[in-house]
Amino acid sequence: MSGNTSEIKYLNDQFKKCEPINAIYVKKTPKERLRQKFDLVRKEVYWLQQLDGFDRVPQLINHNAKSFTMTYKGVQLTKEIVPADWEEQIDYIITSLEKFNVSHNDIELGELLILNGKIQLIDFQHGTHGRAEFEKIIKSGKAVNRVRIDDRTAMMEALQQLINS
Ligand SMILES: Nc1ncnc2c1ncn2[C@@H]1O[C@H](COP(=O)(O)OP(=O)(O)O)[C@@H](O)[C@H]1O
Ligand SMILES: [Mg+2]
């Protein structure tokens, strides 16, 4: 899900509020109504725990019922800063997700950041254990997000869209 569904605070190495440029951590607090309706914090914390150690997604630092803190993963990916090896990077990210058996299911440009030339993937609230689990959710009519294509296709399309913009 992209857009204004959460409050984002950028934190420095002392966990004090700071400008994004100085951030080491990010604290995400989903809007209360959405958090309750979709169990957002518990879900996203769970997926970040599953992905512990993967260098292209935020690492979970701490969490409580209403919010969680993760590592800072850079700025929004834009046309000007698309890395030359983006296709290899996408392959690395998708192959790694497969190894962790995690499907993101909602990849759009808004969920792609870049840090030190490395593409980063955020916002795992629609994650599933592999793609098959998500296909079942779609069939049951319970999928709430917009994206319906698989992670690799979605990531390729997002990058193509950016490059052609
Ligand atoms: N780990 C992070 N590092 C840097 N920026 C982040 C991080 N997580 C979120 N952001 C910023 O906050 C925005 C919203 O975060 P996101 O997780 O997509 O929330 P939502 O569920 O509201 O879509 C992102 O587009 C990005 O600009
Ligand atoms: Mg988002």
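The text that follows walks through the structure, step by step, so that each part is easy to find.

Attention now goes to unusual backbone geometry. Within the chain, Phe-15 stands out as a residue other than glycine whose phi angle is a positive 60 degrees. Within the secondary structure layout, Phe-15 lies in the loop between β1 (6-11) and β2 (25-30). Residue class for Phe-15 comes out partly exposed when judged on the 14 C-beta atoms lying within 10 Å of it. Of note in this structure, Asp-123 is not a glycine but carries a positive phi near 70 degrees. With respect to the helices, strands and loops of the structure, Asp-123 is situated in the loop between β7 (118-121) and α4 (130-139). A count of 23 C-beta atoms within 10 Å places Asp-123 in the buried class.

A word on the sheet that holds β2. Sheet strands line up and pair through hydrogen bonds in the backbone, either parallel or antiparallel. Strand order across the open sheet formed by four strands is β1-β2-β4-β3, with antiparallel pairing between neighbours. Looking at which strands have only one partner, the edges of the open sheet turn out to be β1 and β3 (60-63). Taken pair by pair, the neighbouring strands of this sheet meet at an average axis angle of 20 degrees, ignoring direction. One ladder, built from six bridges, connects β1 with β2; its direction is antiparallel. Pairing of Tyr-10 across the sheet is with Val-26, part of β2. Along the sheet face, helix α2 (residues 40-50) touches β2, β3 and β4 (68-71) and points at about 150 degrees away from the line of β3.

About the cut-offs
- Residues numbered from 1 in each chain as written.
- Chains lettered and ligands numbered in written order.
- Predicted model: local features only at pLDDT ≥ 70, side-chain atom pairs only at ≥ 80, totals over all residues.
- Helix = DSSP H or I, 4+ residues; strand = E, 2+ residues; numbered from the N terminus.
- Buried ≥ 20, exposed ≤ 12 C-beta atoms within 10 Å, placed from the backbone.
- Pairing = 2+ DSSP bridges.
- Axes fitted to C-alpha atoms, helices over the stretch in contact; angles between N-to-C directions.
- Contact = placed C-beta atoms within 7 Å.

Keep in mind these numbers describe shape, not what the thing actually does.
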